[in-house]
Amino acid sequence: MKSEVGGVKSGTDNSSSIADLVAMEIGNIGENMQLRRALFYKATNDLQLGSYVYGPAGKPLWLKNVQLGKYAAVVQFSQIINGTKVIPGHSLSQQLGQHIVGMNPKTIGNYDDIALESSKDEEIETDENVSNNSSAENAEKYENEAQDSREGESDDEIENLPKEKEKDESRFLFQEYLMDPDTKVYEILTENNMKVMDFVRFEVGEELPEESEADDKVSASS
């Protein structure tokens, strides 16, 4: 909650709260500002943190030791090296953060579902290979049949036929990897002995859950 974040002590002597610092900055810059969201992440011995910030011209704006930008992501992960050739965690986690900013996943997904999803991907790939190996004669035959079935329909009727829409994947593990759309995120993680435990995404101006709930209550009471 905003009130809880505002009460957190800051500074070397903990004499000021974050709310005090916000009020001080309002006085310094002469413009109103609000503290809307904050997050504290701590990595244990077996976990690491990585981050990505998108700012002006695609790069973060540095202010002392703070990165500023319009979008940001923090990734909590573990990685086992074991002498294998992998992308170092600090580099890969930054790429994963960029993926989270760009693809906006809602959940991590279940690691137990990877085997099932992998088998589905193999089936799809097999079906595509079979389809690609079809002869030109069969392809022409199917096209002629489809054309015959559309005879008598107006252009407007054909244009308004429902089109199949692919469902958007919101699970991080099973999204197409932003850097390589032919690869799923879980494949990148598996190849590099990495496991993402948690992530968070920030966006300037985003609607927060408590704000959405407040709007719903106002709408219901009006």
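The name given to the protein chain in an unreviewed UniProt entry is Elongation factor Ts, mitochondrial, with the source organism recorded as Mytilus edulis. Recorded in UniProt for the protein chain, the comment headed Function (unreviewed entry) runs: "Associates with the EF-Tu.GDP complex and induces the exchange of GDP to GTP. It remains bound to the aminoacyl-tRNA.EF-Tu.GTP complex up to the GTP hydrolysis stage on the ribosome."

(A) Up close: unusual backbone geometry. Here the phi dihedral of Asn-104 falls at roughly 50°; this positive angle occurs in a residue that is not glycine. Structurally, the position occupied by Asn-104 is in the loop between α3 (89–103) and α4 (114–132). For Asn-193, which is not glycine, the phi dihedral falls at a positive 50°. Structurally, Asn-193 can be placed in the loop between α7 (185–191) and β9 (194–203).

(B) Fine view of the side chain of Thr-183. Among the secondary structure elements, Thr-183 is positioned in strand β8 (residues 180–184). Owing to a relative accessible area of 12%, Thr-183 belongs among the buried residues under this scheme. A distance of 2.8 Å separates a polar atom in the side chain of Thr-183 from a polar atom in the side chain of Asp-180. Not counting the four nearest positions on each side in its chain, Thr-183 is found in contact with Gln-175, Glu-176, Tyr-177 and Ile-188.

(C) Highlighting the packing of aromatic side chains. Tallying each qualifying case throughout the model produces 3 aromatic pairs. Seen in terms of ring centroids, Phe-172 and Phe-199 are 5.6 Å apart; in terms of plane orientation they differ by 45°. Their pairing is tilted. Linking Phe-172 in the loop between α6 (155–159) and β7 (176–177) with Phe-199 in strand β9, this pair joins segments that are 27 residues apart in sequence. Side by side, Phe-172 and Phe-199 carry an identical accessibility label, which is buried.

(D) Structural detail: the environment of Ile-18. Mapped onto the elements, Ile-18 comes out in helix α2 (residues 18–29). Each C-alpha atom of the pair Ile-18 and Val-8 lies 5.8 Å from the other, and the pair is 10 residues apart in sequence.

(E) Seen up close, the confidence of the model for the protein chain. Confidence in the prediction of the protein chain, expressed as mean pLDDT, is 76, and 67% of residues score 70 or more. Looking at the elements of the protein chain, mean pLDDT is at its lowest for α6, recorded as 44, and at its highest for β7, recorded as 96. The low-confidence segment residues 157–166, where pLDDT is below 50, has 3 contacts with residues more than four positions distant or belonging to other chains.

Cut-offs applied
- Residues numbered from 1 in each chain as written.
- Predicted model: local features only at pLDDT ≥ 70, side-chain atom pairs only at ≥ 80, totals over all residues.
- Heavy atoms only, no water.
- UniProt positions renumbered as here; feature names shortened; annotations may be inferred.
- Helix = DSSP H or I, 4+ residues; strand = E, 2+ residues; numbered from the N terminus.
- Buried < 20%, exposed > 50% of the residue type's maximum accessible area, 1.4 Å probe, protein only.
- Polar contact = N/O pair within 3.5 Å; in protein donor to acceptor, adjacent residues only side chain to side chain.
- Contact = heavy atoms within 4.5 Å.
- Phe/Tyr/Trp six-rings, centres within 6.5 Å; stacked < 30°, edge-to-face > 60°.
- pLDDT = per-residue confidence, 0-100.

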